[in-house]
Amino acid sequence: MDFGQIAQILSANPEADQQQRGFLQEAMSVLSSQGVSPDAVAQQAGVSSANPSQLPHQDLIALSMHLLEQHPEVVQQIAHRFPAAQGVLGMLGGQSTESMLGGLLGRL
């Protein structure tokens, strides 16, 4: 599934959109508490802002993908609190993400 298809899912499902933004906000907060600059993470992901509430769907997806690849420990730490975001993460990362999240994605 490509970014465009996932963006369409987010735009059609307000709950998934809200959860994805909440997940990313919390992830950025966790990274900040670990001394990692959210602005640097956003820049590395190629998005315009470290504030998920300001990002279009394509950027939400790009930031999510970056976190899966570069900060999987943070994703694993917080994803369980955002069931709809787990679905998006599963679409981005496939089976390896499902295993990493302890099979939670399979129950959605």
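In what follows, the structure referred to is the one given above.
Residues numbered from 1 in each chain as written. Predicted model: local features only at pLDDT ≥ 70, side-chain atom pairs only at ≥ 80, totals over all residues. Heavy atoms only, no water.

Asks: Looking at this structure, how should I read helix 2 (residues 14-33)?
Replies: In an α-helix, one turn spans 3.6 residues; hence positions three or four apart end up facing the same way. Here helix 2 is 20 residues long and its end C-alpha atoms lie 29 Å apart, about the 28 Å a rise of 1.5 Å per residue gives. The N-cap of helix 2, judged by a side-chain oxygen 3.1 Å from the amide nitrogen of E15 a few residues on, is N13. Two residues or fewer past helix 2, G35 is found with a positive phi of approximately 90°. (Helix = DSSP H or I, 4+ residues; strand = E, 2+ residues; numbered from the N terminus. Expected span 1.5 Å × (residues − 1). Polar contact = N/O pair within 3.5 Å; in protein donor to acceptor, adjacent residues only side chain to side chain.)

Asks: Before we go on, may I ask you to explain the nonpolar core in this structure?
Replies: The nonpolar side chains of a soluble globular protein tend to be buried, and buried together. In this structure, F23, M28, V47, L63, L67 and V75 are the most contacted members of the largest nonpolar core, which totals 31 residues. At the level of elements, helix 1 (3-12), helix 2, helix 3 (38-45), helix 4 (57-70), helix 5 (72-78) and helix 6 (83-100) are the ones that each hand at least two residues to this core. Among the elements that line this core, the one with the most residues is helix 2, at seven residues. (Core = buried A, V, L, I, M, F, W, Y, C linked by side-chain atoms within 4.5 Å. Buried < 20%, exposed > 50% of the residue type's maximum accessible area, 1.4 Å probe, protein only.)

Asks: Help me understand the packing of aromatic side chains in this model?
Replies: For any pair of aromatic rings, the description rests on two quantities: the centre-to-centre distance and the angle between the ring planes. Counting across every chain of the model gives one aromatic pair. Between F23 and F82, the aromatic rings sit 6.1 Å apart at their centres with planes inclined by 75°, giving edge-to-face as the arrangement. On the criterion of sequence distance, the pair formed by F23 in helix 2 and F82 in the loop between helix 5 and helix 6 is long-range, its members being 59 residues apart. Given the relative accessible area of 0%, F23 is considered buried. The exposure class assigned to F82 is buried, which follows from its relative accessible area of 12%. (Phe/Tyr/Trp six-rings, centres within 6.5 Å; stacked < 30°, edge-to-face > 60°.)

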